[in-house]
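Listed below are the residues making up each chain.
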Amino acid sequence: MKMLLGVLLLMWTSSLCAQDQVDPNPTGDHEHLDDLDLDLAPRRVPRQVKNILTKETRPHIQELSIKTTILSRYAFTAVRCVLLNRHASAADGLFHFHIPAGALVSNFTMIVAGRVYQSRVTPKERRGGKRADGKAPKSGDISAEVFRMAASIPAGNSAVFLLAYEELLRRRRGRYEHVVSLRPLQLISQLGVDVTIVDHSPVTQLEVLPLRRPNSPRTPAKPEPPVTTAIQQEENICKVSFRPNIVQQARISTNGILGDFVVRFDVRRDMNIGDFQVLNGHFVHYFAPKDFPVVPKNVVLVIDTSASMLGSKMRQTKDALFTILRDLRAVDHFNFISFSNKVKVWRPSSLVPATALNIRDAKKFVYTLMPTGGTDIHGAIRTGTDLLRDYLSGPDANPNSVSLIIFLTDGRPTVGESRPPAAGGKFCIFTIGIGHDVDYRLLERVSSENCGMSRRVLEEANTGATLKGFYEEIGTPLLSDIRINYAEDSVQNVTQHLFRNYFDGSELVVAGRLSNRSAESLHVQVTATNDDKTVVLEADVPLRRRHSETEKRVKAAVEAGSRSPGPTRGWGDTLGWTASDFTERVWAFLSVKEKLRSRLRSPTSRGREEHVRQATNLSITYHFLTPLTNMVVDKPHAPADSTTAPTSDITQDAGDQLPGHQEEGILQREDHRRSSSIRNNIGQVERSPAKKSVTVSKTSADGDPHFVLDFPLSKMAVCFNINGEPGDVLRLVSDHSFSGVTVNGKLIGAPPPPGSHKHQRTYFSTVAIVVDRPRRAYIEVTPNKVILDGRDRLVLPCRSSVSVASGALSVSIAAESNVTVGVGADVSFVILLHRYKNPAPHQRDHLGFYIQSSKGLSRGSHGLLGQFLYEEVALAAREKDGEPSALLKVRGRSVPVVRKRRRIYNGAQSVDCWFARNNGAELIDGQYQDYVAPHMFDTGGRPNGSNRAH
């Protein structure tokens with residue numbers, strides 16, 4: 001058999017060299033996708049080895065590329081999977097990929113037969129319906145979740161699946177660990193993993209582990225990197241690549257389950273106040289001190305001895321407990337609890353010191369543990385919490401010690417109550433769930449509510465190794481009651497900064513927003529307890545220098561990522577648009593995780609609802625897939641008799657319904673149950689709403705820019721142009737002294753189209769709406785994003801539909817179409833988004849500004865548009881040089897005007913108007929230069945830029 005396999009491999013590799021490649025674009029239908037470098041066309045690809053003698057029945061994975069950039073310990077990962085349908089009819093292709101359980105999916109795109117289907121994040125509806133069924137995968141790391149998406153692929157075509165996710169790497173036992181799952185379930189001709197590490201601190205202890213497989217030992221005798229692994233290491237930038245060919249893959253596994261590609265590293269760190277990253281008004285603070293004396297600990301180990309633990313699980317657990325007993329220090333106190341139908345305490349009275357005699361007796365107790373009976377989880381945790389609580393309130397307890405419970409089980413509650421009690425904030429509970437049948441959600445909730453952590457162990461994995469490794473993480477406490485404070489009024493929206501414990505080899509991470517971006521420094525103070533001493537660390541962080549250093553690292557990360565081959569070629573480069581907001585995304589990631597935990601800990605339904613609302617808004621704002629949101633994508637449908645699917649534009653207007661129907665991505669947690677599984681639907685199957693036309697006032701500034709003034713009482717419209725300069729900020733509406741509303745627009749330049757008489761054109765690139773009532777806030781709109789700075793600061797991408805409110809301001813985005821901004825109940829504006837798929841040299845993405853409701857603006861309003869809100873006009877006909885013209889009577893002035901036609905609402909309507917030449921001379925108060933503001937957020941102080949009575 002081995003000889004036959006070798007011959008087949010030799011024949012396959014020989015034929016591969018002789019195969020001709022098909023023209024990648026014989027029809028030219030994909031010219032609009034050239035910049036994506038997607039290689040969509042059919043091409044001949046060798047079949048996987050195990051199917052050489054059998055007929056393929058599903059689309060073949062032509063390419064799987066995974067590219068990660070770890071920027072200051074925050075990992076951006078992009079996955080590119082290409083499925084090829086060689087058959088004469090359409091076939092369903094399934095994309096599935098394991099992502100780390102702690103990561104958040106931030107983007108998903110499908111490209112099927114040249115059509116682009118972009119995902120969007122929406123709130124998840126709450127309903128008490130039946131959970132969807134699904135078969136849990138039969139293999140894989142239990143610390144991962146599976147993202148799934150299926151699509152019908154036309155005959156002879158390819159489907160490209162693009163997935164992006166983000167993760168803050170957690171430091172454990174002195175190392176960061178990045179894991180890439182390689183389980184394509186078939187051999188692949190183009191398989192590649194690229195990991196780039198860029199850090200402001202020198203990278204140390206970099207290593208690539210052997211492929212970690214579910215049924216294999218996690219630490220081989222001679223750990224060596226997988227074959228073909230290449231490592232390039234510099235002080236602050238390291239690159240790792242793994243590119244096995246199909247023969248090398250077959251030597252690892254012929255079923256396409258290669259395992260986990262694991263990269264470990266650490267960084268050299270400042271031992272004082274920690275490391276700081278500062279960028280664009282946000283900061284991230286990494287705190288990982290060492291060289292402190294070890295704090296005494298009080299530990300209660302609660303061990304499941306029900307009948308299901310019989311065999312290797314109990315044997316391995318006992319071995320781990322013996323190791324833990326050997327590692328206890330003389331200053332530690334401990335006790336054991338075993339539970340099945342009944343709960344048994346080794347020393348019922350209290351915790352005992354870790355003397356040689358007590359450790360010997362404890363080993364005897366562990367040795368006699370015998371699996372039998374049911375599983376009383378509630379009784380076991382209640383007994384453990386009562387035991388530890390009584391000890392801590394007694395005279396023998398060290399008030400500065402660290403107290404914790406380690407709870408291990410492989411089952412569900414079968415005896416007693418199903419919901420365990422809480423510890424009441426006095427100590428932390430750490431849980432370990434083993435095997436298929438464990439109620440891991442219950443254990444996760446117990447740990448989350450009690451400042452602990454959870455671990456999951458596969459049925460066939462080494463239970464003892466996991467227990468020992470978990471204990472090593474939490475067995476060396478250095479500090480307790482850690483408080484990280486920043487100078488008052490210098491920061492806002494800070495994530496968790498109070499921590500119960502700090503263990504050696506871990507790291508505490510805090511992120512927040514700077515109140516004053518121009519500040520020179522930020523004072524930081526860390527207070528904590530170490531045994532019987534109070535530790536105080538203080539420093540002034542130089543913000544400008546740290547900002548410059550962070551910018552330098554971000555630039556290096558983007559450049560390093562662009563030079564590396566990988567899946568982000570041409571599809572927006574996930575790192576490119578996220579790295580510039582790196583610190584803000586870390587803050588958002590931590591904030592979302594914190595809100596999700598807080599909803600579990602909140603004692604009231606009202607508090608839970610508030611945490612849910614905040615977590616949902618953050619998830620939508622930053623396009624994160626969480627338990628509270630759906631990721632919905634329009635699913636393509638290919639008729640069975642078609643060979644190609646119709647092409648479509650990359651950019652879709654808001655509400656456009658692509659042919660086919662909406663599909664839910666599936667994010668499924670690996671529970672490995674025999675009889676049932678957990679499956680979490682991402683998205684609801686529902687039709688997109690029909691596109692609605694904009695029906696607002698014609699009073700607007702759009703195009704080049706063309707100003708239109710609507711006078712409904714006079715039953716006419718007036719228009720004029722402004723020929724400004726690129727960079728000018730024009731005051732559109734100024735009601736600062738009354739309603740507190742100011743609207744400014746910034747111009748961007750563009751060359752004229754061929755044959756135009758103009759020397760240049762200008763458009764609005766940014767619109768800012770500033771409000772000073774009841775407190776100062778603003779909204780800044782560009783064609784790509786909306787910044788809402790009210791009670792909270794939110795950055796909303798224009799590619800997704802979302803509605804949020806903050807104080808007096810509200811914003812509603814119709815994806816890729818328009819933005820509606822509300823100020824209170826009686827003022828609203830609509831900003832149109834003009835974006836080009838393939839812009840000509842004279843085209844620029846720009847904005848159009850329309851006044852929807854002006855009831856809340858005063859008669860003292862001014863600005864290029866605002867000064868006309870409460871005016872009436874009249875016409876006096878005249879004829880000049882044979883051209884129909886008139887004199888417009890406005891504000892006591894006579895303005896020569898001629899008839900014109902303007903297209904508004906993105907060309908959807910036309911309006912006949914009377915046109916005033918020369919930049920609206922005589923029509924507007926003063927000259928247009930009087931309306932040029934010094935900056936986007938200026939609210940007055942100029943003759944015509946502020947309010948004036950008439």
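Residues numbered from 1 in each chain as written. Predicted model: local features only at pLDDT ≥ 70, side-chain atom pairs only at ≥ 80, totals over all residues. Heavy atoms only, no water.

Points about the side chain of Ser858
Tracing the backbone through its elements, the reader meets Ser858 in the loop between β46 (846-853) and β47 (874-880). Polar side-chain contacts of Ser858 include one of 3.1 Å to the backbone nitrogen of Gly860. (Helix = DSSP H or I, 4+ residues; strand = E, 2+ residues; numbered from the N terminus. Polar contact = N/O pair within 3.5 Å; in protein donor to acceptor, adjacent residues only side chain to side chain.)

Looking at the state of the cysteines
Under the counting rule described, the total for this entry stands at two disulfides. One disulfide bridge connects Cys428 with Cys451, the sulfur atoms lying 1.9 Å from each other. Residues Cys428 and Cys451 are joined through a disulfide that is left-handed, its torsion about the S-S bond being -105 degrees. With a gap of 23 residues between them, Cys428 in strand β22 (residues 428-434) and Cys451 in the loop between α6 (440-449) and β23 (454-457) connect regions that are remote in the sequence. At a sulfur-sulfur separation of 2.1 Å, the disulfide partner of Cys719 is Cys913. Of note, the bridge from Cys719 to Cys913 carries an S-S torsion of about 75 degrees and is right-handed in sense. With a gap of 194 residues between them, Cys719 in strand β35 (residues 716-721) and Cys913 in strand β50 (residues 909-916) connect regions that are remote in the sequence. (Disulfide = S-S within 2.5 Å.)

What about the sheet that holds strand β29 (residues 533-542)?
Pairing within the open sheet is antiparallel, and its four strands lie in the order β26-β24-β28-β29. One side of each edge strand has no neighbouring strand; the edge strands of this open sheet are β26 (498-503) and β29. Averaged over neighbouring strand pairs, the angle between their axes works out to 25 degrees when direction is ignored. (Pairing = 2+ DSSP bridges. Axes fitted to C-alpha atoms, helices over the stretch in contact; angles between N-to-C directions.)

Considerations on the side chain of Ser480
Tracing the backbone through its elements, the reader meets Ser480 in strand β24 (residues 477-486). Judged by relative accessible area, which is 5%, Ser480 ranks as buried. When residues no more than four places from it in sequence are discounted, the contact partners of Ser480 are Asn400, Val402, Arg500, Asn501, Ala528 and Thr529. (Buried < 20%, exposed > 50% of the residue type's maximum accessible area, 1.4 Å probe, protein only. Contact = heavy atoms within 4.5 Å.)

Remarks on the confidence of the model for the chain
It should be kept in mind that the predicted coordinates are not to be read in detail where pLDDT is low. Residues at a pLDDT of 70 or more form 78% of the chain, whose mean pLDDT is 78. When the elements of the chain are averaged for pLDDT, strand β32 (residues 680-682) gives the smallest value, 30, and strand β27 (residues 508-514) the largest, 95. Every residue in residues 127-142 scores below 50 in pLDDT, and together they form 39 contacts with partners more than four places removed in sequence or on other chains. Contacts for the low-pLDDT stretch residues 638-662, under 50 throughout, to residues beyond four places or in other chains number 73 contacts. (pLDDT = per-residue confidence, 0-100.)

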